[in-house]
Amino acid sequence: MATLSRADNSLLGRWWWTVDRWTLGAVGVLIGFGYIMMLAASPAVAERIGQSRDIFILKQVFFLALAGGVVVGVSLLSPSGIRRLALAGCLIALAMTMLTLVHGVEIKGARRWIALPGLSLQPSEFLKPCFAVTAAWLISEGRRTPRLPGTLIAVVVYVLIALLLKSQPDIGMLAVVTAVFFVQLYLAGMNLFLVAVALAGGGAAAFAAYVLFPHVHSRVERFLHPASGDTYQVTTALEAFGNGGLLGRGPGEGRVKDVLPDAHADFVFAVAGEEFGMLVCVMILGVFAFVVVRGLMRLLEEQDLFVVLACGGLITGFGLQAFVNMASTLQLIPTKGMTLPFISYGGSSALAVALGIGMLLALTRRRHHGDVP
Amino acid sequence: MREPPDDPRTGPDDGEPTPPPPSDMPPPRAPAFRRGAARDDAVPRIETVRLTAPDLKRRAAMAKTRRRLGFTAIGFGVLFVAVMLKLADATIIQPLQPHRPERPIAQLLDPPKTAGSVSPARRATITDRNGEILAISLPTAALYANPRELIDPADAAHKLKSVLPKLDEEEAAKRLAESGKQFVYLARQLSPREQLMINALGIPGIYFEPTERRRYPMGRAAAQVLGGVDVDGHGVAGVERFFDQRLHDDPTPLRLSIDVRVQAVVRDELSQAMDEFRAIGACGIVMDVRTGEVLAMVSLPDYDANMVGSASPDERFNRAVTGMYEPGSTFKLQTAAMALDGGIAHIWDEFDASRPIRIGRFTITDFEGKHRWLYLPEVLAYSSNLGAAHIAQAVGAERQRAWLRGMGMFNRIGIELPEVGLPIVQPASNWKEVTTLTVGFGHGIAVSPLHVVRGTAVLANGGIMLQPTILAKSLQGGGHLDAMPANPTQPLPPPPGERILQQSTSDTIRKLMRLVVTDGYGKTAEIPGYYVGGKTGTAEKVGAHGYRKHTNVAAFMSVFPMNQPRYAVYMMLDEPHANASTHGYATAGWVAAPAAGRVIARIGPMLGLLPDIADADAIKQALYIPLQPGRPPGAPRTPPVAAATPEARPAATGQRAQRPGQPIPANGPMTPVLRPAPRDQRHQAQAEPPAAPPTAAVLVPALATR
C-alpha cells in the first residue's frame, strides 16, 4: 500500500488516504483469525456431520474473501451512496424477511433462512446494518427538515421489523436490533425520561420473552440455575477454556470441537480458547474492543448527525454481536446463538457483518470539512 | 490540508462565545461552501461565522450526542472488560477441569462392579495347608450373540472364525441366522486376548458374558481330592463337590490339610514304585496321627484336575477312600491291640503256629514256616496268620466286633469327600467263628486304606480316636504340641479326644510296630533316625472266581517316629509284579515298604522332623521289646483263650508237609492254594460279581501275610 502516493487522486488512492486504516487493519486481523479458526474447528464438525472435512473451509475461504471484498467495496462508496445502499438493502431485507415467514427454511424450530444455492441466507442479518443506517438517516433528516417526522417513521419501521423478527422467531436478533435502535435514539438526544421508559420497556419485553418463549425461558433458567438442566454446551465450552489455560493446548489439540455441535459457529470462541489459550482470546477481544471504542471515539470529532447515528448504530450492532457471542460462550449471559463477527463460520453472517463494517468505513472516511454531500 | 486549522468545531466545554446571532444568518458553513471556487479564494470562514439560534441548538444537540457517545463507549468498555475478566476466570483463575475424559473410564469401571455384585461372587480359592493355591477361579468371558441384532450372520461367523480357529464356521453361521432366537452361545472361556480381538472386530450383536474358569495350577496333585468342576462351575467330585455350596457362598479361601510338598513326594514315590513293579494302581496316604489331618492322599492312576471331564473312571477312582480292600496283615496290629488292651493276651503269651487251623470247610495256614509256637511279638514280626487267628479267637467275636466298631471300621470314614465308601463287613448274624479268625489277620473284611491308616494312627497316638479330615486344623503340622517333651524317649502327651484304648496298650503297639521294622518283614522301610514302625500287608485280590493268584495288593502301614509318633504313612501297590531286585517276591515288604521308607526320608525334614541320631541308643532302648519276652513271675503261662478254642482242630499235618522245603520268605502268591470257598465280597469297592460257588471244601487263606 505504500505504493499509493498521497498525490494519487484515483478512487483507490483517495480511498486509501481517507479510510480509517486502523479499523481496516483490525478487520483484516479478524478475517485472518476467522481463517485460522475455520481450519481448526470446521473439519471436526464436518466429519461429525458426515461431510467432506474441507467443505466448511472451502466455503468459508470463499465467503471471507467475499466479505473482505464487500468491506472494501462498500467503503469506497460515498455517504450518500451508503444511504442509498442502506435504504435499498433495508427494503430488500425487509421483503425477504417477510418471505422467510412464507418460504423460509425451518431450522431448529425457527424460520429465519432463505435457501439459496450454496448458502442459506438469513435476511435479518442484512436488515440489521441497513436498518441502522436507514434509521440514522430518518432521524437526522427529521432533525434537518421541519415537518418530516423522521423519528416517528423510524419507530414505525422498527416496530414492523420487531414484529417480523418476533414471528420468526428470532428474539436474539430482535434484541440486538432493538438495542441498536435504542442507542441511536439515545445518541440522537432522546430525553432521559424516555430513555428510562425505554429501558423499562426493554426490561419488560425481556421478561415477556422469558415468560412467552419456552426456549428463552429454558435458557435463562439454565443460566440462573446451572444445576437445574442440561448445560452440556456451556459446560463443555467452559471446560474447553479451562483446558486451554493461558497458552492453549496448541493448534489442533482441542477436543471441544469434537463434541460441540456448533463448535465452528456459535462456540468458535471456545475452540480458540482451548487451542490457543487465553492470550489469543484476549487478543481477539482486544481487536473487537479496539474497533468499537475507536469507532465511537472517532465519532466525537464528527459533525454530521447522520454519520454519528449511523456509525453509532453500526458499531453498536457489531460490538453487541461480538459481546453476546463471547459472553454467552463464557456463560456470562444466557446462551444466545449469535455469530462472532468474521470468526464464526457462516456466509450469510460474514457478508452481513462485512456490509456493516464497509458502511462504517465509508461513513468514517475523512471528508473535506467533514461534509456529507 | 486535510483539516483546516480554523475548523469551527467546538467541544462542549469550549466556553463558546454566544453573541446573539442575527436570525437571518445563513447556516454557519454556507459562506465557506463554494463549490468549484479556488481554495485560496475562500473567504476566511472565521469572519463569516454567524452563530444563530438553530445553529446553537444544533451545536448543543451535537454536544449532547458526543457526551452520549462517550457514555456508549464507556458502556462497551465495561462490557468488554467484563468479558475479559470472565475469560481470565475461565482460563487461568479457576479453570474448569475437563471431566469428560474421566467420565467414560468411570462408566467403564462401573458396569463390571455392578455386574459383579449381581452375578455370584467368584468361587472361593482352595489352598493347601501352607496357602499354596490348588484351585482358583479366573475371570474369563463367554461369547454369545443376539441373532436379531446381527446384520450379516455369515460375515460375522467368518470374522469370528479368524479369531477363534476352533469355531465351526458353518455351524456358527447357521445358528446366528436363527432370527427367532435372541441368545446363542458361541464360545466359552475366551482368553483376554481373544476377547479383545473379537471386540476389535466390532460386530454388532456380539456380546460377552463375564464368567469364570476354574484352574488347578498343580495339575495332577491331589486331583481326586480336589475333584473338579463342570462347565457351569459346579463341583463334580472331591472337595469341589463336597464344599460346593461353601465355595460358592463364601469367597474366603478353603484351606485343606493337604501339604502339596508331601503330596508330591508321595505321588513321586508311588509312581516310581508303580512303574518298577508294573502295578495297575497305587495309593498313598500321609496323616497326622495327632489331629487326623490328611497331609497327602494319592491315588494312581490320576488325572489333571483341569480336565476332569476327560478323565477315565479308573483315574477318577480315589483308592484311598472309595477303594475297599482286605487290609491283610496290617490288621494284625488291631488284633494284637484288642487282645492286649482287654488283658486277654500278654506279650509273653505264646500262640500255636505249628499246625494249620482247620475250621469247618476252611483251613488256615502260615506261609513263613516257623512251625512252632510263637510269642506275641513274633506273631507280628513274622506276620503269622495262625498266631493272629488264635489271638482273635481268644478275644472272641463279640469283643472283636465291638473293638472294630469302636475303631470305625464298620462305618464310612467320614472325611469330607463325597466318595467315601462303606466298608464290606459280615453282618453280626453271619459273623461266624471262622470270620473272627480270618478278620484277625485282615481277611473277611474290606475297608478303605484310610480306615487302616486311621486305625493304626489311633493305636500309635496313645489311644485317642481320630476323625480324619481334609481341612487344615492347626497352623502347621503336628497340632497340639505346645509342650514337646524334651526327652525323646518319652511318648508325647496324648492329643485331646476320646480315648478308646489304654496308653499302655499304645506304648506296647509302638514297640511292636518298631519291632516289625527292626526284626521283621518291614526292614526295608528303615530310615536311620526316624525310628519307623509299621506293618506289612499283602492280600490276594478277589476276582470273579475267588482269590486271584498272583494278583495281590501289597501295602505297608507305617508310623514315624515311633518314639513320639507324629505321622502315619501308608503306601499300597495294586497288583505289583515281582522283578529281579525283589528276588521274585511281589509282597509288601519288598514293593511297598521301601517306598514308604523313601517317603519318610523325604517328608520328615519338610515337616520339621530331623533324624535323631544323637539319642539313637536311648530311643532304641526305650522302644526295645524282645521277640520272645520272658514271662514275669506269677503270670499265667497259657493264654486264657488257649482252651477256649475247642473247635479249632489242628489241620492235617500232611498239608504242611506238602511244602516242606520252601524258603522262609516264601509266601502266599508263590504258594499253591486251593480255590477259596465263597466269601464275603472281599474285593474293591467296585461291585464285582458274587464269588463262584465253592470248588473245594478246604480253604487255605490265600493271603500272603507278611
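Since we're looking at a predicted model, the values are computed, not measured.

1. Some thoughts on the pattern of salt bridges
Residue and element names in this part refer to chain B.
Link 1 in the chain: Applying the stated criterion across every chain, the model contains 21 salt bridges over all chains.
Link 2 in the chain: Here Arg 355 makes a salt bridge to Asp 352, at a shortest N to O gap of 2.7 Å.
Link 3 in the chain: Residue Asp 352 is classed as buried on the basis of its relative accessible area of 7%.
Link 4 in the chain: Between Glu 526 and Arg 514 there is a salt bridge, with its nearest N and O atoms 2.7 Å apart.

2. A short note on the interface of chain B and chain A
Link 1 in the chain: Listed by partner, the interface residues are 37 residues for chain B and 52 residues for chain A.
Link 2 in the chain: The contact between chain B and chain A buries some 4,200 Å² in all, and 68% of this surface belongs to carbon and sulfur atoms.
Link 3 in the chain: The interface formed by chain B and chain A includes zero salt bridges.
Link 4 in the chain: Remark: the boundary between chain B and chain A carries seven residue pairs in polar contact (both at pLDDT 80 or more).
Link 5 in the chain: Here the side of chain B that touches chain A takes 23 residues from helix H2 (residues 53-93) of chain B, the largest share from any one element.
Link 6 in the chain: Here the residues of the side of chain B that touches chain A sort into 19 nonpolar, six polar and twelve charged.

3. Notes on the packing of helix H5 (residues 123-144) of chain A against helix H7 (residues 171-187) of chain A
Residue and element names in this part refer to chain A.
Link 1 in the chain: Contact pair H5 / H7: the axes reach a minimum separation of 10 Å and the direction vectors enclose 20°. Judged by the inter-axis angle, H5 sits roughly parallel to H7. Crossing of H5 over H7 shows right-handed handedness. In this structure, H5 contributes Ser 124, Glu 125, Lys 128, Phe 131, Ala 132, Ala 135, Ala 136 and Ile 139 to the contact, and H7 contributes Met 173, Val 176, Val 177, Val 180, Phe 181, Gln 184 and Leu 185.
Link 2 in the chain: Tallied by class, residues from the contact of H5 with H7 come to eleven nonpolar, two polar and two charged.

4. Some points on the pairing of strand S8 (residues 281-288) of chain B
Looking down a regular strand, the side chains alternate between one sheet face and the other.
Residues and elements named next belong to chain B.
Link 1 in the chain: Buried residues dominate S8, accounting for eight of its eight residues.
Link 2 in the chain: In terms of strand pairing, S8 meets strand S18 (residues 567-574) through eight bridges, oriented antiparallel. Bridge pairing links Asp 288 to Tyr 567 in S18.
Link 3 in the chain: Pairing between S8 and strand S9 (residues 294-300): six bridges, direction antiparallel. Its bridge partner being in S9, Val 286 is matched across the sheet by Ala 296.
Link 4 in the chain: Counting the residues in the hairpin turn of S8 and S9 gives five residues, including Gly 292, whose phi is positive at 80°.

What counts and how
Residues numbered from 1 in each chain as written. Chains lettered and ligands numbered in written order. Predicted model: local features only at pLDDT ≥ 70, side-chain atom pairs only at ≥ 80, totals over all residues. Heavy atoms only, no water. Salt bridge = Lys/Arg side-chain N within 4 Å of Asp/Glu carboxyl O. Buried < 20%, exposed > 50% of the residue type's maximum accessible area, 1.4 Å probe, protein only. Contact = heavy atoms within 4.5 Å. Buried area = accessible area lost by both parts, 1.4 Å probe. Polar contact = N/O pair within 3.5 Å; in protein donor to acceptor, adjacent residues only side chain to side chain. Helix = DSSP H or I, 4+ residues; strand = E, 2+ residues; numbered from the N terminus. Nonpolar A, V, L, I, M, F, W, Y, C, P; charged D, E, K, R; others polar. Axes fitted to C-alpha atoms, helices over the stretch in contact; angles between N-to-C directions. Parallel < 35°, antiparallel > 145°, perpendicular 65-115°, else oblique. Left-handed = near helix turned anticlockwise from the far one by under 90°. Pairing = 2+ DSSP bridges.

All quantities given are derived from atomic positions and should not be read as evidence of function.
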